[in-house]
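The primary structure of each chain is shown beneath.
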Amino acid sequence: FAGINGVVRYLTKVCPLGVLDSEPVIMLFQNIFGTLFLFPLLLKPGFSNLSTRYPFLHGIRVLMAVLGIMLLYKSFKYMPIAEAIALSFTGPIFTVIAAWLLLRESMGINRILAVILSLIGAFIIARPDLALVNENSVLGWVVLFPIGSAIALAWNKLITRTLATRGETPQILATYLLLFMTPVSLIPAIYDWQTPEPHHWPWLILLGALAAGAHFSFGKAYALAEVTFLTPFGFLKFLLSALIGYLAFSEFPTNPTLWIGMAIIFLSIVLINYKISLYSTAKRFKSN
């Protein structure tokens, strides 16, 4: 996903041969090529294994993914990758609380503390409150793009986890998402159409390959673990996106509050894994 963020930033902002200034068009071709890359995985077990008993849930999942990705891609046009991703980390609070309320997942003290720390870290980095109230802010109302994206993608994660626990395979989860995101994303793409130039096509194909791998891994992870357990690991996307921003676009984060926030986020990851490790060790000791 960090690689996708970097490619979208390049296409929409800094491509020297001409930018592709339409996020819906980028998402449309990303979904088309992503589905094509998944075909080898589909042919092996056969298309008969793609039947589902939950078409409504898949439909809502697709709509939330389209909305979330479109808002996130739009934010890359107006702010550095690291800032956009930091703001998108308001999403875990919606994900974890909703997983607790709707999926009845456990909410231990370690998970509560980890989520609170991670949100504090993201807040220190971006300070969206100042951006919203300060008319002279560079970001201004643009901060609503990654925050809205975070809410939509949080619902996408919950539905993914629900489908995975009901027996939907990673192949089905990834294929339905990319396949049906294509016609859904076609609607906004028509209204904001820009025909890609020849130099855009290699990057769009790369986006498809990255999306196929990302969504397949995403579905596999949620088939094996709870949403609340996996959420803190998503913060690695912030570090990788910031690294790509520095290496590819010279967007070096010099603001000290960014590093303070990153340290707090890292602490939250260490906290939740340390608690889990203690629990696992105690369980093995008891069994012996």
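Residues numbered from 1 in each chain as written. Predicted model: local features only at pLDDT ≥ 70, side-chain atom pairs only at ≥ 80, totals over all residues. Heavy atoms only, no water.

### As for the overall build of the chain
Inclusion rule: For helices the rule is a DSSP run of H or I covering at least 4 residues; for strands it is a run of E covering at least 2, with both sets numbered from the N terminus onward. Using a 1.4 Å probe, accessible areas were evaluated by the Shrake-Rupley method; residue-level cover was limited to the displayed protein chains.
On a plain count of helices and strands, the chain comes out with 13 helices and zero strands. Beginning at the N terminus, the succession of helices and strands in the chain can be written as α-α-α-α-α-α-α-α-α-α-α-α-α. Surface summary for the chain: the accessible area is close to 14200 Å², and the carbon and sulfur share equals 70%.

### A look at helix α3 (residues 55–76)
Note the threshold: Take the number of residues in a helix, subtract one, and multiply by 1.5 Å to get its expected span. Burial here depends on accessible area, computed with a 1.4 Å probe over protein chains only, as a share of the maximum for the residue type. Under 20% is buried, over 50% is exposed, and the range in between is partly exposed.
Across its 22 residues, α3 extends 32 Å between first and last C-alpha, which sits within 8% of the 32 Å expected from 1.5 Å per residue. Considered for burial, the residues of α3 that qualify are His58, Arg61, Val62, Ala65, Val66, Gly68, Ile69, Leu72, Tyr73, Ser75 and Phe76.

### Brief notes about the packing of aromatic side chains
How two aromatic rings sit relative to each other is given by the distance of their centres and the angle of their planes. The test is simple: What counts as a ring pair is set by centres within 6.5 Å for rings of Phe, Tyr and Trp (its six-membered ring), and what kind of pair is set by the plane angle: stacked under 30 degrees, edge-to-face over 60, tilted for all other angles.
Considering all chains together, one arrives at seven aromatic pairs under this definition. Ring centres of Phe29 and Trp201 lie 5.0 Å apart, and the angle between their planes is 85°; on these two criteria the pair is classed as edge-to-face. Residue Phe29 is found in helix α2 (residues 23–43), and its partner Trp201 is found in helix α10 (residues 201–224); the two are separated by 172 residues along the sequence. Given a relative accessible area of 12%, Phe29 falls into the buried group. Grouping aromatic residues by their ring pairs yields a cluster made of Phe29, Phe33, Trp193 and Trp201.

### A word on the packing of helix α4 (residues 81–88) against helix α12 (residues 236–249)
Quick note on the threshold: The axes are straight lines fitted to the C-alpha atoms, using for helices just the contacting stretch, and the angles between their N-to-C directions are given from 0 to 180°. Convention used here: angles under 35 degrees read as roughly parallel, angles over 145 as roughly antiparallel, angles from 65 to 115 as roughly perpendicular, and any remaining angle as oblique. Helix crossings fall into two classes, left-handed where the near helix is turned counterclockwise from the far one by less than a right angle and right-handed where it is turned clockwise. Any pair of residues with heavy atoms lying within 4.5 Å of one another is described as a contacting pair. Three classes are used: nonpolar for Ala, Val, Leu, Ile, Met, Phe, Trp, Tyr, Cys and Pro, charged for Asp, Glu, Lys and Arg, and polar for all others, with Gly counted as polar.
Two numbers describe how α4 lies on α12: the axes approach to 8 Å, and their chain directions differ by 165°. Taken as axis vectors, α4 and α12 run roughly antiparallel relative to one another. In the packing of α4 onto α12, the handedness of the crossing is right-handed. Contacts between α4 and α12 pair Ile81, Ala82, Ile85 and Ala86 from the former with Lys237, Phe238, Ser241, Ala242, Gly245 and Phe249 from the latter. Among the residues forming the contact of α4 with α12, the class breakdown is seven nonpolar, two polar and one charged.

### Section: the side chain of Ser241
Within the secondary structure, Ser241 is located in helix α12. Accessibility expressed as a relative area gives 0% for Ser241, which makes it buried. If near-sequence neighbours (up to four positions away) are discounted, Ser241 is found in contact with Ala2, Asn5, Ile81 and Ile85.

### Focus: the pattern of salt bridges
Convention followed: Salt bridge, as used here, is a side-chain nitrogen of Lys or Arg placed within 4 Å of a carboxyl oxygen of Asp or Glu.
Scanning the entire structure with this criterion turns up three salt bridges. Linking Lys77 and Asp21 is a salt bridge whose minimum nitrogen-to-oxygen distance equals 2.7 Å. Taken together, the residues Lys77 in the loop between α3 and α4 and Asp21 in the loop between α1 (2–14) and α2 connect sequence positions 56 residues apart. For Asp21, a relative accessible area of 37% corresponds to the partly exposed category.

### A short note on the packing of helix α8 (residues 144–165) against α10
Interaxial distance between α8 and α10 falls to 8 Å at its minimum, and their mutual angle equals 60°. On the basis of the axis angle, α8 is oblique to α10. The hand of the α8/α10 crossing is right-handed. On α10, the residues touching Asn156, Lys157, Thr160, Arg161 and Ala164 of α8 are Phe218, Tyr222 and Ala223. Per-class residue counts for the contact of α8 with α10 are four nonpolar, two polar and two charged.

### Quick look at the nonpolar core
Test applied: Here, nonpolar core means buried Ala, Val, Leu, Ile, Met, Phe, Trp, Tyr and Cys residues that are tied together by side-chain atoms lying within 4.5 Å of each other.
Counting 50 residues, the largest nonpolar core has Ile26, Tyr73, Met181, Leu204, Leu207 and Phe238 as its most contacted members. Sequence-distant contacts of Leu204, that is, excluding residues within four places in its chain, are made with Leu11, Leu20, Ile26, Phe29, Phe33 and Pro196. In terms of nonpolar packing, the next biggest core, distinct from the first, is built from five residues, Tyr54, Leu163, Ala164 and Leu173 among them.

### Description of α10
Compared with an ideal rise of 1.5 Å per residue, which puts 24 residues at 34 Å, α10 spans 35 Å between its outermost C-alpha atoms and is within 8% of the ideal. Along α10, the residues classified as buried are Leu204, Leu207, Gly208, Ala211, Ala212, Ala214, His215, Phe218, Gly219 and Tyr222.

### Here we look at the side chain of His199
So the rule is basically this: Side-chain atoms alone can form a polar contact between residues adjacent in sequence; in general such a contact is a pair of N or O atoms within 3.5 Å, and within protein one must be able to donate a hydrogen while the other accepts it.
Locating His199 in the fold gives a position in the loop between α9 (170–191) and α10. At 3.5 Å, the side chain of His199 forms a polar contact with the backbone oxygen of Leu17. Not counting the four nearest positions on each side in its chain, His199 is found in contact with Cys15, Leu17 and Gly18.

### Considering the environment of Ala152
Structurally, Ala152 can be placed in helix α8. Judged by its relative accessible area of 3%, Ala152 falls in the buried class. Separated by 88 residues in the primary sequence, Ala152 and Met64 place their C-alpha atoms 5.1 Å from one another. For Ala152, the residues in contact, after removing those within four places along its chain, are Met64, Leu67 and Gly68.

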